[in-house]
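So you can see what is in the structure, the chains are spelled out below.
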Amino acid sequence: MKIAVMSCIHGNYEALDAVLLDIDDQKAEKIFCLGDLVGYGPFPHAVVEQIRSLDIPTCQGCWDEDIVEGLNACECSYPSLLAEKRSKLAHEWTQQHLYPEDREFLAELPHTVREENLCFVHGSPHSNHEYLLPELDAFLALERVLSTNADVLFCGHTHVPYIRTLDASQLEIKVKYGEGKKSLSFTTPLKKIVNVGSVGEPRHGRPNATYVIYNSETEEVTLREVEYDYQKTCAAIIEKGLPAIFAWRLARGLEYAERADDPTHVCER
Amino acid sequence: MSKSAITLVAGPPGAGKTTWIRHHLDDTSNPVVYFSPGNGNVPIDQTIIAAEFPQCQTLTDGQELELAKLLADGYSAYIEIGFYLELSEIDKLIGDIPHHRVAVVSSKLKNTEWHEWANEIIPGGGAETLPSTSQLWRVPMTGQAIDPDSLNAFWYELIQEAYGQVERAKAILNLADGRCIYGEFTPGIQGDSFIELTLPRLLEGRPEGFSGLEIFGPNLDQKSLAQTIKDCCLSDTELQHYQQQMSQQFEEI
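Quantities reported herein were computed from a predicted structural model and do not represent experimental measurements.

### Regarding the pattern of salt bridges
Consideration 1: In total, this model carries 18 salt bridges over all chains according to the counting rule given.
Consideration 2: A salt bridge links Arg52 of chain A to Glu49 of chain A; the nearest nitrogen and oxygen atoms lie 2.9 Å apart. Placement of both Arg52 of chain A and Glu49 of chain A in helix H2 (residues 44–53) is noted, with a separation of three residues, approximately one turn of the helix.
Consideration 3: What makes Arg52 of chain A partly exposed here is its relative accessible area of 29%.
Consideration 4: Connected through shared salt-bridge partners, Arg86 and Arg249 of chain A together with Glu157 of chain B make up one network.

### Some points on H2 of chain A
All names here are of chain A.
Consideration 1: Taken together, the buried positions of H2 are Pro44, Val47, Val48, Gln50 and Ile51. End-on view of H2: buried residues confined to an arc of 165°, all on one side of the axis.
Consideration 2: Contacts from the buried residues of H2 go to strand E1 (2–6), helix H1 (13–25), strand E2 (30–33), helix H4 (81–96) and helix H5 (100–107).
Consideration 3: Taken from the residues just after H2, Asp55 is the one with a positive phi, measuring 55°.

### Let's talk about the layout of surface pockets
All names here are of chain B.
Consideration 1: Roughly 400 Å³ of volume is contained in the second largest pocket.
Consideration 2: Lining the second largest pocket are 17 residues, and of these Phe35, Glu64, Leu67, Ile79 and Leu93 lie nearest its centre.
Consideration 3: Put simply, the parts of the chain that give the lining of the second largest pocket at least two residues each are strand E1 (6–10), helix H3 (64–72), strand E4 (76–81) and helix H4 (87–94).
Consideration 4: When the residues that make up the lining of the second largest pocket are grouped by side-chain class, the tally is 14 nonpolar, no polar and three charged.

### Description of the packing of H1 of chain A against H2 of chain A
All names here are of chain A.
Consideration 1: Closest axis-to-axis distance for the H1/H2 pair is 9 Å, and the angle between their directions is 25°. Taken together, the axes of H1 and H2 are roughly parallel relative to one another. Along the contact surface, H1 presents Tyr13, Leu16, Asp17 and Leu20, while H2 presents Ala46, Val47, Gln50 and Ile51.
Consideration 2: Per-class residue counts for the contact of H1 with H2 are six nonpolar, one polar and one charged.

### A few points about the domain arrangement of chain B
All names here are of chain B.
Consideration 1: Splitting chain B by domain gives domain 1 (6–124) and domain 2 (134–252).
Consideration 2: Of note, the centres of domain 1 and domain 2, computed from C-alpha atoms alone, are 25 Å apart.
Consideration 3: The interface is formed by 17 residues belonging to domain 1 together with 20 residues belonging to domain 2.
Consideration 4: Counting across the domain 1 and domain 2 interface gives one salt bridge.
Consideration 5: Taken together, the connections running from domain 1 to domain 2 amount to four residue pairs in polar contact (both at pLDDT 80 or more).
Consideration 6: Contributing elements (two or more residues each) for the side of domain 1 that touches domain 2: helix H1 (17–27) and helix H2 (44–52).
Consideration 7: Take the side of domain 1 that touches domain 2: its biggest share by element is five residues, from H2.

### A short note on the packing of aromatic side chains
Consideration 1: Per the stated rule, a full pass over the model turns up 10 aromatic pairs over all chains.
Consideration 2: An angle of 10° between the planes, with centres 5.1 Å apart, marks the rings of Phe120 of chain A and Phe154 of chain A as stacked. Placement of the pair is Phe120 of chain A in strand E4 (residues 118–121) and Phe154 of chain A in strand E5 (residues 152–155), with a sequence separation of 34 residues.
Consideration 3: Both rings, one in Trp20 of chain B and one in Tyr78 of chain B, keep their centres 6.2 Å apart while their planes meet at 75°; by these two values the pair is edge-to-face.

### Brief notes about the sheet that holds strand E10 (residues 194–196) of chain B
All names here are of chain B.
Consideration 1: Taken in spatial order, the five strands make up an open sheet running E7-E11-E8-E9-E10, and their pairing is antiparallel. At either margin of the open sheet sits one strand with a lone partner, and together these are strand E7 (135–140) and E10. The sheet shows a mean angle of 15° between the axes of neighbouring strands, direction not considered.
Consideration 2: Bridging between strand E8 (residues 168–174) and strand E11 (residues 212–217) involves five bridges; their strand directions are antiparallel. Bridge pairing in E11 links Ile172 to Gly212.
Consideration 3: Sheet contacts for H2: E8, strand E9 (180–185), E10 and E11; angle to E8, the most-contacted strand, approximately 55°.

### What about the sheet that holds E4 of chain A?
Residue and element names in this part refer to chain A.
Consideration 1: If you trace the five strands from one edge of the open sheet to the other, you get E3-E4-E5-E9-E6, paired in mixed fashion. Among the strands making up the open sheet, the edge pair consists of strand E3 (112–115) and strand E6 (162–166). Adjacent strand axes in the sheet meet at a mean angle of 15° when their direction is disregarded.
Consideration 2: As judged from the three bridges shared by E4 and E5, these two strands associate in the parallel manner. Among the inter-strand pairings, Leu118 is bridged to a residue of E5, identified as Val152.

### Side note on the pairing of E6 of chain A
Looking along a regular strand, one sees the side chains alternate between the two faces of the sheet.
Residues and elements named next belong to chain A.
Consideration 1: Because side chains alternate across E6, one face comprises the buried residues Tyr162, Arg164 and Leu166, and the other comprises Ile163 and Thr165, none of which is buried.
Consideration 2: Strand direction decides the pairing type here: E6 and strand E9 (residues 191–195), joined by five bridges, are antiparallel. Bridging from a neighbouring strand, Leu166 pairs with Lys191 of E9.

### Details of the side chain of Arg22 of chain B
Consideration 1: With respect to the helices, strands and loops of the structure, Arg22 of chain B is situated in helix H1.
Consideration 2: We classify Arg22 of chain B as buried; its relative accessible area is 16%.

### Describing the pairing of E9 of chain A
All names here are of chain A.
Consideration 1: With five of five residues buried, E9 is to be regarded as a mostly interior element.
Consideration 2: The alternating pattern of E9 places Lys191, Ile193 and Asn195 and Lys192 and Val194 on opposite faces, both of which are buried.
Consideration 3: In this structure, E5 lies alongside E9, joined through four bridges in parallel fashion. When the bridges of E9 are listed, Leu153 appears paired with Ile193.

Conventions we followed
- Residues numbered from 1 in each chain as written.
- Chains lettered and ligands numbered in written order.
- Predicted model: local features only at pLDDT ≥ 70, side-chain atom pairs only at ≥ 80, totals over all residues.
- Heavy atoms only, no water.
- Salt bridge = Lys/Arg side-chain N within 4 Å of Asp/Glu carboxyl O.
- Helix = DSSP H or I, 4+ residues; strand = E, 2+ residues; numbered from the N terminus.
- Buried < 20%, exposed > 50% of the residue type's maximum accessible area, 1.4 Å probe, protein only.
- Arc of directions from axis to C-beta.
- Contact = heavy atoms within 4.5 Å.
- 1 Å grid on protein atoms, 1.4 Å probe; cavity = no way out; pocket = protein on both sides within 12 Å on 5 of 7 lines; lining within 4 Å.
- Points joined across faces, edges and corners; volume = space filled by probe spheres on them.
- Nonpolar A, V, L, I, M, F, W, Y, C, P; charged D, E, K, R; others polar.
- Axes fitted to C-alpha atoms, helices over the stretch in contact; angles between N-to-C directions.
- Parallel < 35°, antiparallel > 145°, perpendicular 65-115°, else oblique.
- Domains from an automatic or database assignment.
- Polar contact = N/O pair within 3.5 Å; in protein donor to acceptor, adjacent residues only side chain to side chain.
- Phe/Tyr/Trp six-rings, centres within 6.5 Å; stacked < 30°, edge-to-face > 60°.
- Pairing = 2+ DSSP bridges.

Shown next, in the form of structure tokens:
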């Protein structure tokens, strides 16, 4: 079965629309979404509405959670004081442009979605604020996948897509208790982490939306990059009174996540 | 006072006027003074020269009498004429006092007012077309401490023209970690790094030394610039917290 996995739409309805059309062209049978439907972009309500009406299984992103529960982030959420102030502005703006039913929908989103041997999360299985970067220590990366009992872990949050294959690995754990010692050894089959990038706020240096098609029979992962009329979203950002710099960054594929470049950082939230 | 005691240095933005003067200050051991009229409350060049050449006197607007005194005492003077000043006005001010005129101008520029005005032309960098409708936007920032990560993001946005085309930018800034840095940008030449000035590092309270920023370009989005710069600066509480963290780190070392 061919499935489509997307993430981080961030209120960019134009990008979502283009991705949904592309998914149709690719003849994917099912769509999964990894959250962050809102934040930064000018159409949070329209995006929530679309995802809800299409009944797309979706996990809760950090923005979706913060909109419902209020801001309570670890330092990794903000690469700088400037980014923090700007994202607080975006947070307040988004709060004002959501309907109660949108908030209810976001509040009820699960942290994790499962489908056979696949697991879907926003950031990591531990937290939707944690970044699973491609350079993350292999032991930690494997631990994150193993904790889900899945073979393929789909995530987003970093806005830069990647596929990481964790080859058949062996984990050895030695436990010392009293006088005795116990040694346990696990061998795991091939595991994968697939980061699907971002639909509405890419950070790979181009404005195009990215998502992933996964074929569960062949286990083939195809990264899709979809062009869309990002100028329309940029114009709407400015017109609706969001900071103009968001439009500038969107047009260049420059989302804010500089601090997320630190692969040793483990989210403490 | 010898005939060449006063050197006037003019040229378009980013041509290398201050750099040329810095080379000469490097070579001189005689008493020397640097003056750049019209810098007002954003004396970036004076500050960097004072930090780099402690033996050089630097003067700001309103200290013209002291300049005259120092010249009478046998000092030689480098007077930097910002591109935003009218050369004819400078000529009126300097009158009959003997002086040497140097223009630092890109070799791609020909027959400009600087060529006509100068006794000596030094090939420089900077703009290859003449600045015309550009605005000079200056912000005094003394007392402010900037978050370094925010500065990196802002400077990148600035030189990538998020706030409009930039023909020249210069800044002396006090960072939250107590360092004072100098950065400058001319399209196609410089701009991606800051240098630390050799000034004592401040670990407590608000920085008192001069800091400020000047940006030159047509159609600058001054409102967004002002907001962004404000958002890069630490509040009292944030600065205190930052300084406490730094003190702890230093103690651990």
